[in-house]
Amino acid sequence: MTNETSNGKSAVLGLQHLLAMYAGAVAVPLLIGTGLGFNEAQMTYLISIDIFMCGVATLLQLTVNRFFGIGLPVVLGCAIQAVAPLILIGQTQGVGTVYGSIIAAGIFVVLIAGFFSKIEKLFPPIVTGTVITTIGLTLIPVATTKLGGGDAAAKTFGNPTNLLLGFITIALILAVQVFGRGFVRSIAVLVGLVGGTVLAALLGQVDLAAIGHAPMFHVPQPFYFGTPRFEPFSILLMIIISIVSMVESTGVYFALGDITGKKVSQDDLKRGYRAEGLAVILGGLFNTFPYTGFSQNVGLVQLSGIKTRRPIYFSAIFLIILGLFPKVGALAQIIPEPVLGGGMLVMFGMVAVQGMKMLSKVDFNDEKNLLIIAISIGFGLGFNAMPALFAKLPETVQMFTGNGIVMSSLSAIVLNLLFHGYNRKNS
């Protein structure tokens, strides 16, 4: 294989990673911008700069030096668990406080990176495997909602056309996995997304309006929404969310280490956390949001079998370019919801399977381990599905109890410490 061919194939694989994370990446600015009442121009900036900074954040994590960068094929995107807290902060304290709290949380992550890496024994396979499994399982309903059309309350939800597009996308991914060979097999998800979108276009289900409304060129601008404001409670809230993101990223790092055969050391973790903290600081300065390792791309690394960083470098560069040219970036928005849902269903399922694979290292003859996994996954799925269970508690408490990943992470860590102590080997 020539270097040029290698780069070409890596670029296509990078595009597949971009498409896999795009919906999740733009979901955060869409949700927060809508929650804070941003106008169309503000939303356009928010989405464009978000995509741009996802690329910058990913490059920080890929570039290994003595200070930062974990060097695994990881893609960074906006942390979905930050949505509710940031909307609350913005509505009560103003947009400036949103970005002040993000900057402060990023500085906190950089400062505690060394300490956090030393407590990696808190994340044995029983914890990281449980968290990754929970992440995959809690994301699957998101995929099935998109499969039906994206809005369960809409009259068109679950209509035959939506189902046809979603299941054809899944069928294409399966067909490429079964009958494809080599490189073609490794881009099964991309083939499914493109094929599903082409079919949707033939059925008149592709909307090109997003391309027409987007400006041609966009320049990242620090403090676009004004001067950051630092308020103690908001900062504390974002620090807690950042710690949860670090736990989630730890699971992603160990999962990728497991897939690629790389032992993730304390130094690796320290550099990884620092890169994440730097990305969060930059997010605050350029008015985007906190970043974390994207678990859907773990499923893609597993599915494609391509375990090098080269495709992720291309993905990061593509993200930066798309962030500068919103019209080009809007192309990814034309993929219909059912097509995205079909692709996501496969990828999120692979994330859950990767978590189960990590759990295969656990001693299931020990009933304590069964309890840790059962309760943690139960909390994660149950509380995520029924956040109204805690509706009578204070709003600040509900932010955590209603987040399945948060509750699964905390319960797995606490229960493992309770039953096994600070000893990774036993679990």
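As annotated in an unreviewed UniProt entry, the protein carries the name Nucleobase:cation symporter-2 family protein and comes from Enterococcus viikkiensis. You can read under Subcellular location (unreviewed entry) in the UniProt record for the protein the words "Cell membrane". Turning to the protein, the UniProt annotation filed under Sequence similarities (unreviewed entry) states: "Belongs to the nucleobase:cation symporter-2 (NCS2) (TC 2.A.40) family."

(A) Molecular detail of the side chain of Thr292. Position of Thr292 relative to the elements: it lies in strand S2 (residues 291-293). For Thr292, a relative accessible area of 2% puts it in the buried group. Excluding residues within four positions of it along the chain, Thr292 makes contact with Val75, Leu76, Gly77, Ala79, Ser245, Ser249 and Glu276.

(B) Highlighting empty space enclosed by the protein. In total, this model carries one cavity of 30 Å³ or more according to the counting rule given. By volume, the largest cavity amounts to about 50 Å³. Val109, Ser242, Ser245, Met246, Glu276, Gly277, Val280, Pro290 and Tyr291 together form the lining of the largest cavity. Here the lining of the largest cavity is built from residues that sort into five nonpolar, three polar and one charged.

(C) Focus on the state of the cysteines. One pass over the full model with this rule turns up zero disulfides. The thiol of Cys54 is not disulfide-bonded; the next cysteine sulfur, from Cys78, is found 4.9 Å away. Residue Cys54 is classed as buried on the basis of its relative accessible area of 0%.

(D) Up close: unusual backbone geometry. Phi at Phe223 is positive, roughly 55°, even though this residue is not glycine. Here Phe223 is to be found in the loop between helix H9 (209-213) and helix H10 (232-260). Phi at Asn287 takes a positive value of approximately 65°, unusual for a residue other than glycine. Inspection of the secondary structure assignment puts Asn287 in the loop between helix H11 (266-285) and S2.

How each quantity is defined
All chains use their own residue numbering, which begins from 1 and follows the written sequence. Side-chain atom pairs in this predicted model are given and counted only at pLDDT of 80 or more, local residue features only at pLDDT of at least 70, and totals for whole chains, interfaces and linings cover all residues. In computing side-chain values, all of the structure's heavy atoms are included and hydrogens and water are not. UniProt positions are given in the numbering used here, feature names are shortened, and annotations may be inferred rather than shown by experiment. Strands here are runs of E lasting at least two residues and helices are runs of H or I lasting at least four, both read from the DSSP assignment and numbered beginning at the N terminus. Buried means the residue's accessible area, taken with a 1.4 Å probe over protein chains only, is under 20% of the maximum for its type, while exposed means over 50%, and partly exposed covers the values in between. Two residues qualify as a contact provided that any one of their heavy atoms is within 4.5 Å of a heavy atom in the partner residue. Think of a 1 Å grid over just the protein atoms. A cavity is a set of points where a 1.4 Å probe fits yet cannot get out, a pocket is an open set with protein on both sides within 12 Å along at least five of seven lines, and lining residues have an atom within 4 Å of a point. Grid points are joined across faces, edges and corners, and a volume is the space filled by probe spheres set on the points. Three classes are used: nonpolar for Ala, Val, Leu, Ile, Met, Phe, Trp, Tyr, Cys and Pro, charged for Asp, Glu, Lys and Arg, and polar for all others, with Gly counted as polar. Throughout, disulfides are identified as pairs of cysteine sulfur atoms within 2.5 Å of each other.

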